[in-house]
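Given next are the chains, with one letter for each unit.
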Amino acid sequence: MSIEFTEINKDTAAGEFKNFLESFPEGTIFKMIINSKRGYLRVKIKNVNKSKFKKWIGKLRIRRSKV
């Protein structure tokens, strides 16, 4: 999801960011990247179930290679 705002003050940005975070269910995990040199803030939603699935497949591959 991408939303672009131009020429807004700090209060408006804080309010929009708060609304964005509150729109997700409790327990949602985010990844936030702040790049002060380039001047941007990026927030991604981490899909916990998908990463657990990938770890499980990785463990199966390791077990197969040991046998």
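Scroll up for the structure.
None of these values were measured; they are calculated from a predicted model. Sequence order as written defines the numbering, with residues in each chain counted from 1. At least 70 in pLDDT is required for a residue's local features to be given in this predicted model, at least 80 for side-chain atom pairs to be given and counted, and no such filter applies to totals for whole chains, interfaces and linings, which use all residues. No hydrogens and no water enter the side-chain calculation; it runs on all heavy atoms of the structure.

Draft legend 1. Looking closely at the pairing of strand β2 (residues 40–46). Sheet topology places strand β1 (residues 29–35) next to β2; 7 bridges connect them, and they run antiparallel. Its bridge partner lying in β2, methionine 32 is registered against valine 43. Two strands qualify as a pair provided that DSSP identifies no fewer than 2 bridges between them. Comment: elements are numbered from the N terminus, with helices defined as DSSP H or I runs of at least four residues and strands as E runs of at least two.

Draft legend 2. Geometry of the packing of aromatic side chains. Two rings from Phe, Tyr or Trp (for Trp, the six-membered ring) form a pair when their centres are within 6.5 Å of each other. A pair whose planes differ by under 30 degrees is stacked, one over 60 is edge-to-face, and the rest are tilted. For the structure on display, the rule yields 4 aromatic pairs. Ring geometry for phenylalanine 20 and phenylalanine 30: centres 6.5 Å apart, planes at 50 degrees, overall tilted. Here the residue phenylalanine 20 occupies a position in helix α1 (residues 10–22), and phenylalanine 30 occupies one in strand β1, the gap between them amounting to 10 residues. On the basis of relative accessible area, phenylalanine 20 is assigned to the buried category, the value being 18%. Each member of the aromatic cluster is reached from another via a ring pair, and the members are Phe17, Phe20, Phe24 and Phe30. Working definition: with a 1.4 Å probe on protein chains only, accessible area under 20% of the residue-type maximum means buried, over 50% means exposed, and in between means partly exposed.

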